[in-house]
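Listed here are the chains, written in short residue letters.
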Amino acid sequence: MYLRKITVHNFKNYEDASVSFAEGVNALVGPNGSGKTNLLDAVHYLSLTKSALNSVDSQNVRHGESFFMIKGELVREGKPLTVLVQQPTGQKKVIKVNGAPYDKVSDHIGLLPLVLIAPQDTDLIREGSETRRRFVDGLLSQIDRSYLNTLLQYNHVLKQRNALLKQFAERNTFDGDLLAPYTAKLIQLGEPIHTRRKEWVSQFTPRVLAHYAQLADDQEPVALQYDSPWQTGQMETILGKALEKDRILQRCTVGVHRDDFVFQLGEYPLKKFGSQGQQKSFVIALKLAQYELFQEHFGFPPLLLMDDIFDKLDDGRIQRLMSKVSGSGFGQLLVTDARPERTQAIFQEQALTCQMVHVHQGEIIDQEEV
Ligand SMILES: Nc1ncnc2c1ncn2[C@@H]1O[C@H](COP(=O)(O)OP(=O)(O)OP(=O)(O)O)[C@@H](O)[C@H]1O
Ligand SMILES: [Mg+2]
């Protein structure tokens, strides 16, 4: 699958712009603030119906305007495909594929698989467990609908149980019989989530480690572990023991909503002891493993977007990364860089043909093959 052309209207700093992409490697270059990331974000919209950066849709409309439009012309499994996203401020967004709108926008997810590697991804290492759960849940939801449905139900029951705990505290009462069905439901729904995550970690970890070892040229070992309070068959007892604490805190303190995924550098936490380049390499390895998983699941390579990918990486890592993602098994690639000469030099070194797109103040000023 690849994106042949994108057209944006009133999207962020673009009034009207259109770019044709090569099937292989493309680089968006231009000074800071010119609109490189915004263009990647428009591609993200086409795939995932939302921005990677700003969840408030109205803020993605060009200042002073009332709607934005993004149109993508793609080739998917050999067939042409047109995807149109229209977002009028304050109204429901419309997604059309070859002119036909969806009843439910979420039905679009999975049609155009995409992996984005962006500077904010190091939040996965530095932030709390919620960020990591969101990454894992987002990834699994794209390839497993039943996982998504179970997760939505689990979160719903969790919310109900927490509301009941709060009500008990406010009224200074407690009714174990009223709470019991929620606890049972939480255990019933949590079990398949735990099983899926455990299975995912065991399949995913070797891929991450292999990508990291290649990128880092085997310099330092890393590890990924699933840290979960869940114990199959024991959850009734565990939740029972936690009840006192739950009542005081007015929320459920054990369950898959407390799961974490631990990243290590040698024997130490990557969060505390990893350098910026090591942390960035680790998230790249995570995303490349995600890419591989999507490719296997969908049967074709996803779109790969890499925003400001060269910053913080040493020359060796850049070279190994670029030779990997431009090699066989990979599909279309879109990278951004504020330094065109650096990009050009990297591609020349790899003997790669690349479509360079020069962006300046929300306009595409030049396109050339280098
Ligand atoms: N809704 C909006 N309306 C108008 N302009 C916007 C809107 N949202 C963002 N912008 C502008 O878009 C520009 C940022 O574009 P973008 O993040 O794509 O830059 P970039 O080329 O990736 O720069 P850098 O090299 O610094 O990463 C900023 O000038 C910002 O003010
Ligand atoms: Mg940018």
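Here the structure is a predicted model, which is why all the values come from computation and not from measurement. (Residues numbered from 1 in each chain as written. Chains lettered and ligands numbered in written order. Predicted model: local features only at pLDDT ≥ 70, side-chain atom pairs only at ≥ 80, totals over all residues.)

**Examining helix α8 (residues 276–298)**
With 23 residues, α8 ought to run about 33 Å at 1.5 Å a step, and its terminal C-alpha atoms sit 33 Å apart, in line with that. Across the 23 residues that make up α8, a large majority, 17, are buried. (Helix = DSSP H or I, 4+ residues; strand = E, 2+ residues; numbered from the N terminus. Expected span 1.5 Å × (residues − 1). Buried ≥ 20, exposed ≤ 12 C-beta atoms within 10 Å, placed from the backbone.)

**Observations concerning the sheet that holds strand β1 (residues 2–11)**
Sheets are built from strands that pair by backbone hydrogen bonding, the pairs being arranged parallel or antiparallel. Spatial ordering of the open sheet is given by β2-β1-β4-β5-β6-β7, a layout of six strands whose pairing is antiparallel. Looking along the sheet, the strands with just one partner apiece sit at the ends: β2 (14–20) and β7 (100–101). Its contacts with the sheet put helix α1 (residues 36–48) on β1, β2, β4 (67–76) and β5 (79–88), and the angle it makes with β1 is roughly 110 degrees. (Pairing = 2+ DSSP bridges. Contact = placed C-beta atoms within 7 Å. Axes fitted to C-alpha atoms, helices over the stretch in contact; angles between N-to-C directions.)

**Observations concerning the site of ligand 1**
Contacts to ligand 1 come from 18 residues, most closely from Asn-13, Asn-32, Lys-36, Thr-37 and Asn-38. Ranked by the residues each element gives to the shell around ligand 1, the list is headed by α1, at three residues. When grouped by side-chain class, the residues that make up the shell around ligand 1 number two nonpolar, 12 polar and four charged. (Near = placed C-beta within 6 Å. Nonpolar A, V, L, I, M, F, W, Y, C, P; charged D, E, K, R; others polar.)

**Observations regarding the nonpolar core**
Of all hydrophobic cores here, the largest spans 74 residues; its most connected members are Ala-42, Val-43, Ile-70, Phe-282, Ala-285 and Leu-305. With 10 residues, the top contributor of residues to this core is α8. Apart from residues lying up to four places away in sequence, Phe-282 is in contact with Ile-125, Tyr-212, Val-222, Phe-263, Leu-270 and Gly-274. Membership of the second largest hydrophobic core comes to 13 residues, among which are Leu-151, Val-157, Ile-193 and Val-254. (Core = buried A, V, L, I, M, F, W, Y, C linked by C-beta atoms within 7 Å.)

**A word on the packing of helix α4 (residues 145–171) against helix α5 (residues 176–215)**
Two numbers describe how α4 lies on α5: the axes approach to 9 Å, and their chain directions differ by 150 degrees. Relative to α5, the element α4 lies roughly antiparallel. In the crossing of α4 with α5, the sense of the turn from one axis to the other is left-handed. Packed against α4, whose contacting residues are Tyr-147, Thr-150, Leu-151, Gln-153, Tyr-154, Val-157, Leu-158, Gln-160, Arg-161 and Leu-164, the element α5 presents Leu-178, Leu-179, Tyr-182, Thr-183, Lys-185, Leu-186, Leu-189, Gly-190, Pro-192, Ile-193 and Arg-196 at the interface. Class assignment for the residues of the contact of α4 with α5 results in 13 nonpolar, five polar and three charged. (Parallel < 35°, antiparallel > 145°, perpendicular 65-115°, else oblique. Left-handed = near helix turned anticlockwise from the far one by under 90°.)

**Observations regarding the domain arrangement of the chain**
Considered domain by domain, the chain is made up of domain 1 (2–113 + 302–369) and domain 2 (129–264). Each of domain 1 and domain 2 has a C-alpha centre, and these two points are 33 Å apart. The partner domain 2 presents five residues to the seven residues of domain 1 that form the contact. The class makeup of the residues in the side of domain 1 that touches domain 2 is two nonpolar, two polar and three charged. (Domains from an automatic or database assignment.)

**Looking at the pairing of strand β6 (residues 94–97)**
Two elements, β5 and β6, share four bridges in a ladder whose sense is antiparallel. Each residue of the ladder has a partner; that of Leu-84, found in β6, is Lys-96. Taking the residues between adjacent antiparallel strands as the criterion, β5 and β6 are bridged by five residues, where Gly-90 takes a positive phi near 75 degrees. In the sheet, β6 pairs with β7 via two bridges, with the strands oriented antiparallel. Paired with Val-97 across the two strands is Ala-100, which belongs to β7.

**Let's talk about the packing of α5 against α8**
To characterise two packed helices, one gives the angle between the axes of the helices and the distance between these axes. At a minimum axis separation of 8 Å, α5 and α8 run at an interaxial angle of 130 degrees. Taken together, the axis directions place α5 and α8 in an arrangement best described as oblique. Here α5 and α8 pass one another in a crossing that is right-handed. In this structure, α5 contributes Phe-204, Arg-207, Val-208, His-211, Tyr-212 and Leu-215 to the contact, and α8 contributes Ser-281, Phe-282, Ile-284, Ala-285, Leu-286, Leu-288, Ala-289, Glu-292 and Leu-293. When the residues that make up the contact of α5 with α8 are grouped by side-chain class, the tally is 11 nonpolar, two polar and two charged.

**Structural notes on the environment of Gly-331**
Position of Gly-331 among the secondary structure elements: in the loop between α9 (315–325) and β13 (333–337). Among the residues examined, Gly-331 registers 17 C-beta atoms within 10 Å and is labelled partly exposed. Between the C-alpha atom of Gly-331 and that of Leu-303, which follows or precedes it by 28 residues, the distance is 6.7 Å.

**Quick word on the sheet that holds strand β9 (residues 222–227)**
The three strands are arranged β9-β10-β11 in an open sheet whose pairing can be described as antiparallel. Looking at the sheet topology across the chains shown, the edges are occupied by β9 and β11 (268–269). Where strand β10 (residues 260–265) meets β11, two bridges bridge the pair, whose relative direction is antiparallel. By the bridge assignment, Leu-265 is partnered in β11 with Tyr-268.

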